[in-house]
Amino acid sequence: MQHDTRDEQHEQQGPHEHREHRGHSSRHADRSAHAGHSAHAPGKAGWSMAARATLHCLTGCAIGEILGMVIGTALGWGNAETMALAIVLAFAFGYTLTLRSVLKAGVDFRTAFRIALAADTLSIAVMELIDNGVIALWPGAMDAQLADALFWGALALSLAVAFIVTTPVNKWMIGRGKGHAVVHRYHG
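Structure report, in brief. (Residues numbered from 1 in each chain as written. Predicted model: local features only at pLDDT ≥ 70, side-chain atom pairs only at ≥ 80, totals over all residues. Heavy atoms only, no water.)

Things to note about the overall build of the chain
Stage number 1. Secondary structure summary: the chain contains seven helices and zero strands in total.
Stage number 2. Listed N to C, the secondary structure of the chain is α-α-α-α-α-α-α in terms of helices and strands.
Stage number 3. Looking at the 188 residues of the chain, the share that counts as buried comes to 34%.
Stage number 4. Here the contacts in the chain between residues at least 6 apart in sequence split such that 68% fall between residues at least 24 apart.
Stage number 5. In the structure as shown, the chain presents an accessible area of about 10,800 Å², 64% of it carried by carbon and sulfur atoms. (Helix = DSSP H or I, 4+ residues; strand = E, 2+ residues; numbered from the N terminus. Buried < 20%, exposed > 50% of the residue type's maximum accessible area, 1.4 Å probe, protein only. Contact = heavy atoms within 4.5 Å. Areas by Shrake-Rupley, 256 points an atom, 1.4 Å probe, with all protein chains shown as cover.)

Right under this line is the structure:
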């Protein structure tokens, strides 16, 4: 009923005001069409979405981190070389998982690569800083071998701590339309 009164008022006004009203109502129509995706809009980031984005990022980071540490340790490399390889592989696998999902949405490679960089760089960087910081500070973890429980225990704990610290970072980024909010624009 109230909407009818507004329409009558707008009809009595000049065409300029009526046109603005139409544009205004079409914006509402656009929003309602995306109501199922409202959680992806800036300012609407929930902890669940942030945790899923962090878990996605953690998956790529963990694959690269573990692979790098296993390769470096198995080859008898020093701590610095092993950690550098693990970090490079963590970024590579993290970006690759995002790139893969964006490419599936039909986006060209160059655009998909840019999206992956925008979506994951800060998240992976924070995760790697925390993950490697925990391992570096854990007594004996840097010198542990693949057969040592300390190697796997410190690695598991470092990834868990990285997840806990990175989730609020992802929540903050998604809430501002950055990070994985960019990737969600390409999900069908």
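Having seen the model, we can carry on.
Brief notes about helix α4 (residues 79–104)
Stage number 1. Its 26 residues give α4 an end-to-end C-alpha distance of 37 Å, which sits within 8% of 38 Å, the value for a rise of 1.5 Å per residue.
Stage number 2. Just past α4, the residue Gly106 takes up positive phi, approximately 90 degrees. (Expected span 1.5 Å × (residues − 1).)

Let's talk about the nonpolar core
General note: in soluble globular proteins, nonpolar side chains tend to be found buried as a group.
Stage number 1. In terms of nonpolar packing, the biggest core is built from 24 residues, with Cys61, Met69, Met127 and Leu155 touching the most fellow members.
Stage number 2. Taken together, the elements giving at least two residues each to this core come down to α3 (47–74), α4, α5 (109–137) and α6 (149–175).
Stage number 3. Considering every element that reaches this core, the biggest residue donor is α5, with six residues.
Stage number 4. Not counting the four nearest positions on each side in its chain, Cys61 is found in contact with Ala90, Gly94, Ile124, Met127 and Glu128. (Core = buried A, V, L, I, M, F, W, Y, C linked by side-chain atoms within 4.5 Å.)

What to know about the packing of aromatic side chains
Stage number 1. As enumerated under the stated definition, the model contains three aromatic pairs in all.
Stage number 2. Relative to Tyr95, the ring of Phe91 lies with its centre 5.9 Å away and its plane at 50 degrees, an arrangement referred to as tilted. Of this pair, Phe91 and Tyr95 both sit in helix α4, four residues apart, which is roughly one turn of that helix.
Stage number 3. With 6.2 Å between their ring centres and 20 degrees between their planes, Phe109 and Phe113 make a pair best called stacked. Here the residue Phe109 and the residue Phe113 both occupy positions in helix α5, the gap between them amounting to four residues, near one helical turn. (Phe/Tyr/Trp six-rings, centres within 6.5 Å; stacked < 30°, edge-to-face > 60°.)

Topic: the packing of α3 against α6
Stage number 1. In the contact formed by α3 and α6, the axes pass within 8 Å of each other and the chain directions differ by 145 degrees. The hand of the α3/α6 crossing is right-handed.
Stage number 2. Among the residues making up the contact of α3 with α6, the classes are represented as 18 nonpolar, five polar and two charged. (Axes fitted to C-alpha atoms, helices over the stretch in contact; angles between N-to-C directions. Left-handed = near helix turned anticlockwise from the far one by under 90°. Nonpolar A, V, L, I, M, F, W, Y, C, P; charged D, E, K, R; others polar.)

Some thoughts on the side chain of Thr167
Stage number 1. Within the fold, Thr167 resides in helix α6.
Stage number 2. Take Thr167: its relative accessible area is 8%, and that puts it in the buried class.
Stage number 3. A polar atom in the side chain of Thr167 sits 3.4 Å from the side chain of Thr54.
Stage number 4. Not counting chain neighbours up to four residues away, the residues in contact with Thr167 comprise Trp47, Ala50, Ala51 and Thr54. (Polar contact = N/O pair within 3.5 Å; in protein donor to acceptor, adjacent residues only side chain to side chain.)

Concerning a nonpolar patch on the surface
Stage number 1. Residues Leu67, Ile71, Leu75 and Trp77 make up a contiguous nonpolar surface patch of about 350 Å² in total accessible area.
Stage number 2. Examined against the element boundaries, Leu75 turns out to sit in the loop between α3 and α4.
Stage number 3. The exposure class assigned to Leu75 is exposed, which follows from its relative accessible area of 55%. (Patch = residues over 30% accessible without salt bridge, like charges linked within 9 Å, V, L, I, M, F, W, Y side chains within 5 Å. Salt bridge = Lys/Arg side-chain N within 4 Å of Asp/Glu carboxyl O.)

Details of the packing of α3 against α5
Stage number 1. Packing of α3 against α5 brings their axes to within 10 Å, and their N-to-C directions diverge by 50 degrees. Relative to α5, the element α3 is oriented oblique. Crossing angle aside, the handedness with which α3 passes α5 is right-handed. The segment α3 lies against α5, with Thr54, Cys57, Leu58, Cys61, Glu65 and Met69 engaging Ser123, Ile124, Met127, Glu128, Asp131, Asn132 and Ile135. (Parallel < 35°, antiparallel > 145°, perpendicular 65-115°, else oblique.)

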